[in-house]
Amino acid sequence: MTTAAAQPPRDRALGRGISTLIPQAATATPAEQAAAVLTAMQSVPVRVGVLQAAVVLLEERVRATNDDAERAAAVTTVAMLRAAISQAR
């Protein structure tokens, strides 16, 4: 008789709780929401390819936006992503 390998338990607590960490108020800007998500997700494993794709998209956003706050948030996020990519290698 063959049995299926036991699957590790999924940590659903992060998925349910992360929305409480992200500002949901109408006054929260997208940059504030993104900063909250990045803070909450710092220890969550992510594939390097996803980080590299995010860097490309954000770098394009830096070039395209006229909003200084958005540009600053994107530049900071790109730096964080590049640091994470470097640590992964």
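Scoring rules and cut-offs
- Residues numbered from 1 in each chain as written.
- Predicted model: local features only at pLDDT ≥ 70, side-chain atom pairs only at ≥ 80, totals over all residues.
- Heavy atoms only, no water.
- Salt bridge = Lys/Arg side-chain N within 4 Å of Asp/Glu carboxyl O.
- Helix = DSSP H or I, 4+ residues; strand = E, 2+ residues; numbered from the N terminus.
- Buried < 20%, exposed > 50% of the residue type's maximum accessible area, 1.4 Å probe, protein only.
- Expected span 1.5 Å × (residues − 1).
- Arc of directions from axis to C-beta.
- Contact = heavy atoms within 4.5 Å.

Novice: I keep staring at the pattern of salt bridges and nothing clicks. Help me out?
Specialist: Pairs may arise between side chains of opposite charge once their charged atoms sit close together. Enumeration according to the criterion identifies 4 salt bridges in this entry. With a shortest N-O distance of 3.3 Å, Arg63 and Glu60 are connected by a salt bridge. Linking Arg63 with Glu60, this pair stays in helix 3 (residues 48–64), spanning 3 residues, or about one helical turn. In this structure Arg63 comes out as exposed when scored by relative accessible area, which is 59%. Of the charged contacts, one joins Glu70 and Arg61 as a salt bridge, the two residues approaching to 2.6 Å between their closest N and O atoms. What makes Glu70 partly exposed here is its relative accessible area of 28%.

Novice: I'm lost on helix 3 in this one. Help?
Specialist: Because the α-helix completes a turn every 3.6 residues, residues three or four places apart line up on one side. Between its terminal C-alpha atoms helix 3 stretches 25 Å, which fits the 24 Å expected from 17 residues at 1.5 Å a residue. Residues of helix 3 that are buried include every one of Leu51, Val55 and Val62, and no others. On an axial view of helix 3, the arc spanned by its buried residues comes to 50°, and they lie on one face. Residues of helix 3 that are exposed and point more than 90 degrees away from the buried face comprise Val50, Val56 and Leu57. Along its buried surface, helix 3 packs onto helix 4 (68–88).

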